[in-house]
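Results of the structural survey
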2 protein chains.
Amino acid sequence: MTETLVVVGGDAAGMSAASKAKRDDPDLEVVVFEKGEWVSYGACGLPYYVKGEIQSLESLVSVTPEEFREQRDIDLRTGHEVISVDPDERTVTAKSESETVVQSYDHLLLATGAEPVMPDIEGTEREGVYTLGSMSDGKELREYVARARDGETFSQPDRGPACQYLEDCTGPIGIVGGGYIGLEMAEALAEHEFEVHLFQRGERVLTQFSEQTSETVATHLREQDVVVHLESDVRELAGGNGGGGGDGNGGGDGEDGTGEVDSVVTDDESVSVDMVLVGTGVTPRTALAEAAGIECGETGAIATDAYCETNVGDVYAAGDCAEATHTVTGEPAYVPLALTANRHGRAVGQTVTGTPTEGGSIAGTAAVKTFDIEAARTGILDHDDARAAGFDPVTETVDAKSRAGYYPEGGTVTVTLCADRDSGRVLGASLVSEYGEGAVHRSHAIVGALEEGATVFDLENYDLAYAPPFNTTWDPVLVAAKVLSGTIRDA
Amino acid sequence: MTETLVVVGGDAAGMSAASKAKRDDPDLEVVVFEKGEWVSYGACGLPYYVKGEIQSLESLVSVTPEEFREQRDIDLRTGHEVISVDPDERTVTAKSESETVVQSYDHLLLATGAEPVMPDIEGTEREGVYTLGSMSDGKELREYVARARDGETFSQPDRGPACQYLEDCTGPIGIVGGGYIGLEMAEALAEHEFEVHLFQRGERVLTQFSEQTSETVATHLREQDVVVHLESDVRELAGGNGGGGGDGNGGGDGEDGTGEVDSVVTDDESVSVDMVLVGTGVTPRTALAEAAGIECGETGAIATDAYCETNVGDVYAAGDCAEATHTVTGEPAYVPLALTANRHGRAVGQTVTGTPTEGGSIAGTAAVKTFDIEAARTGILDHDDARAAGFDPVTETVDAKSRAGYYPEGGTVTVTLCADRDSGRVLGASLVSEYGEGAVHRSHAIVGALEEGATVFDLENYDLAYAPPFNTTWDPVLVAAKVLSGTIRDA
C-alpha cells in the first residue's frame, strides 16, 4: 500500500522534506499544506527586495508551486491552513476558503515556522508599525517606501540629527531591535534616504556576537548616519491620539490607540517617526503541535530527537518551529535559521523513505551584512552560557590585517575567539570586517574546529590557504588562535 | 652559562625562530647569519612589486635588520654566508667580504630556503632570462619592465595573436611554467601591456589543483589575452647567435649561447620573445646540510621529526629547505610555502627555549590569484597519490552560486572534493571562483575537515555561516559535500 507523508508548512524545511522524500521514493504520496500562497521562498532576501536590489517577490522563490506540482509530483495545497492534528487517528484537518479536508498520514512533518515576536509595549497595533517575517510583510514595506518616496502619503519629516548630513533624507523611520533584521533593514531604508533611528534595549547591537563586533558594527552604523539609540527601552509606539511625545503629525487616528504611529517613546526621549519596523526576534509557531499533545522544550520550540522526531511517533518537526541539538553544549537549542531548516527537512525526507538520517547539530552560526560591513558568529561566546554548559571560558580578541600588509587593498578583521581553559576546546567565535574582507567566509575554519571538538592548539596549526591578496601569512583566524593559545598556556 | 642559538638564513623560518626564542628566553644568545642583505621579507609579494602595486622593495620587509638588532636584541649578521657546519664541534663557519667567523652553537637551525629550479634545457643562462625567487630578482624584473616601457632598450615587438586585441601591447614575454609564479607574473606583466605567452609542459596549468580549476583558470587567462601554450615542451631558449627559430632581433649576443634571448622554442613552434621568465618550481637548498652529514628525505629536502629536528641532535631545519609531515598521508612531504616556514620556525624557537613544540603537519594548502580569478587547493587530489597512501579516492565537482540566487552580485564557485570511498574521509579539495567570490576563504572549511580527519558526511553537516550576500543557504562547500556524500553512499 502506498504510504503518505503529510507536511504542514511549505517553506524551507517543509519543501526540502517533500522534495527529498519524493525523489528518494517516487511511490510515496506527499501532501503539503501551506496556509499562504507562497512556498519555498527566501525570506532572508526580503531586506534586499525592500532595498530595491531585487525587483520582484517572485525572484525570491526558488521553486514555484507549479514546479513542485508538475515536475516533482508533490500534492501541494496552498491556501490550506491545518487546524488540527490527531495523532491517534493519524490525520490532520485543513481548512481552505472553500473546503475542510481530513488527510490521513503515515509520516507527518510539522514545519510551521516562526513569526515575528512583538515586544510587550503599547502601540504595536498602530498603523505604520511593520514587521518583516513574510512575503506580504516585504510587499507592504516596499509599498511604504514607494509611497513615501513619491510623497503621496508622506508628511514632511521632522528632521533629526542624521538629516543634518543628508541632503534629501526623508522619514524618520524607527527600527526597534538591533538584530539581523534591524541591521539589514537599516541599510535597506537608508538606501532610500530615510533617516533611520535604531533602538536597542541593551547596551549593544547584535547581542549574539562579541562585544567587539557589536561596537564595530554600531560605529559603522553611525558613520552611515543611522542614529543608534543604545540602552533605549522602548516604552510605547505613540500616535496622534495620545501617548507620550510625538508632534501629532500622524493622520487617520481613531481613539482606540490604533491610529497612525508618529513617535517612538523610550524611558529617556520621544523620537518623531513616520513609520516603525519592529525586529525583535521570532517565536516558534507551536500552537498546532501543542494542541495535539506534542511536547515543546524549555526553549519554547518543539522538542525533537536526533532524527527530528517529536515525542509522538512518526511526527517530525523541523525548521523554525523546532529545537535542535547544540554542537558545543550538546543541549537542545533554538536557533531558527535557514540552513538548519533546509538540512533538517532534507534529513526527515530521507528518514521517512527508509534511510534514517540525523538532522545534525547546530553551532548557532550566523552571518550578517549591513552597509559596508560583514560579521559572523558561531558557537558559545557568552561566558555565563559557557559556564552553564560546564566550561571555563577564556576569550581573546585580535585586530588583524585582512591581506598582506603590503598589498594595496585590505582592511581589518577583528576576531573574538573563546575556548575552554582546561581542555583548550574551541567554544565560539565572532568576526567582523569591512564587507569583502572575509569575516564571514573566514569563520568557516572555526566552524570546522567547533564541529570536530578541536582545541585552540589544533586550530592554531590549521594549514589554511595563504596568498597576499587573501590574508597575512597567518590568517586572522590563526592569529586569534595563536594569541588565545598563548593565554591558555601561560595561565 | 648562556646558551646560543645559531640560525642559518634570515627569512621567514629563520627570523620567526630567532624572534620567538629571544622573546621566550631573553638570556639566550641568538645569532643569525644571512648571506644577502635582506631579511624577513615577503617574497610572495614580489609579483605585486613588479606589477607596480607596491612601490618599494622595503615595503615587503616586515621587520628591518635594525629592528631585529636593536629592538629584538638579535645578533643578525647580514652579508655572511655559512660555508660549513661541524656537528661534532657544534660550530658553523661563516664568511663575509671582510672576515671568516667560526661560531659555536648549542642549538642550530638550518633555514636555508629554496631556489628557483631551472629546467634542463638550452639557453637558460642567456641574458633576458629571469627567475623570481629573491628580492634582487624582483628588482631586476621591475627594472626590465621600466626599461621596456620607456622604450630605452626595447625592440619593436613581434606581435602575436594576443596583440591583435591590445592597443599598446609590448613584449612579447615568454613565461615558462604555469604555477603560482607564472600565473601571478602573467597578471603583473599584462598590467604593463606586455603580450604574454605562457608555456606549460603538461596539459594544464596549476597541476596541483583539480582539472576543473586548471581549465577555469586557463580559460580566464585566455580571456585576458594571455597566449596559453599547453602541452608545450620548451626545448630551448634561443638567442641571436644561434638556436632554433627566432627573428634574430636580440642584441649583444656572443658566440657562447649566452647572448640575449629572442625566442622560446618548443617541439612545435618558435615564439619570438623579448624576455623569458622561468617559473618551474623551486628546489631546497641542502648542500650545507648534506656536507655536514645531515640527512635528506626522498623528496630531496632535509628530513626532520615532528619537532623539526634533523637526524643530528640539536640541529633543526625549517621552512623551504625542509620536509614536513603531510596531514592526510602522514608521510614526509615537501611543500615549501610561507605559512609552514613561519609556523615551523616559531615552533623551533619555542622548542630550543624549553617548550618542546611540534611544528604541525601540512595539508598542502595553497592559494593563488591571477587577474580576476582566485583558487585554492588542499590535501590530496591526485588519485594515484591517494591510492599510494592507501585510499580509494572518489571525486566530485560542483558549480555552485557564490551568493543567493536573487542577490544582485555574485558568480560561480567550482568546488572539487575528493574523499575515501570506504571511510568517507575527506582527502582534498580544489576551489576556483571569480576574485572576491570566496574560493580561497571558503577552503578554510575543508582544511578544518582535513585537519581533523573528518568524513564528507561530517562536512556535509557543518553549520557554516549563511546570509544572502555570502552564499546560498548551502555554501558551495556544503553542496560539494552533499553531492560527494551521495555518490559514496550510493556506491
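Preceding this paragraph is the structure being described.
All values reported here derive from a predicted model rather than from experimental measurement. (Residues numbered from 1 in each chain as written. Chains lettered and ligands numbered in written order. Predicted model: local features only at pLDDT ≥ 70, side-chain atom pairs only at ≥ 80, totals over all residues. Heavy atoms only, no water.)

This paragraph deals with helix H5 (residues 180–191) of chain B. In an α-helix there are 3.6 residues to a turn, and that puts residues three or four apart on one side. All names here are of chain B. Between its terminal C-alpha atoms H5 stretches 17 Å, which fits the 16 Å expected from 12 residues at 1.5 Å a residue. The buried fraction of H5 is high, at 9 of 12 residues. The set of residues buried in H5 consists of Gly182, Leu183, Glu184, Met185, Ala186, Glu187, Ala188, Leu189 and Ala190. Of the residues flanking the end of H5, it is Glu193, one or two places downstream, whose phi is positive at about 65°. (Helix = DSSP H or I, 4+ residues; strand = E, 2+ residues; numbered from the N terminus. Expected span 1.5 Å × (residues − 1). Buried < 20%, exposed > 50% of the residue type's maximum accessible area, 1.4 Å probe, protein only.)

Moving on to the relation of the copies chain B and chain A. Think of it as a corkscrew move, a rotation about one axis and a shift along it, taking one chain copy to the other. For the pair chain B and chain A, the best superposition has an RMSD of 0.0 Å and corresponds to a rotation of 180° with a translation of 0.0 Å parallel to the axis. Here the copies are linked by what is in effect a two-fold axis. (Least-squares fit on C-alpha atoms with pLDDT ≥ 70 in both.)

Every contact between the two is made by 63 residues of chain B and, on the other side, 64 residues of chain A. Between chain B and chain A, the buried area comes to about 5,400 Å², and carbon and sulfur atoms account for 61% of it. At the junction of chain B with chain A, the criterion picks out 2 salt bridges. Arg346(B) is paired through a salt bridge with Glu460(A); the nearest N and O atoms lie 3.3 Å apart. (Contact = heavy atoms within 4.5 Å. Buried area = accessible area lost by both parts, 1.4 Å probe. Salt bridge = Lys/Arg side-chain N within 4 Å of Asp/Glu carboxyl O.)

Moving on, we get to the pattern of salt bridges. Residue and element names in this part refer to chain A. The tally for this structure, following the rule as stated, stands at 36 salt bridges over all chains. Note that Arg285 is salt-bridged to Glu115, the shortest N-O span being 2.8 Å. Of the two residues, Arg285 sits in the loop between strand S17 (282–284) and helix H7 (287–291) while Glu115 sits in strand S8 (residues 114–116), which places them 170 residues apart along the sequence. Relative accessible area serves as the criterion here: at 30%, Arg285 is assigned to the partly exposed category. Among the residues examined, Glu115 registers a relative accessible area of 34% and is labelled partly exposed. Through salt bridges with shared partners, a single ionic network connects Lys51, Glu53, Glu187 and Lys369.

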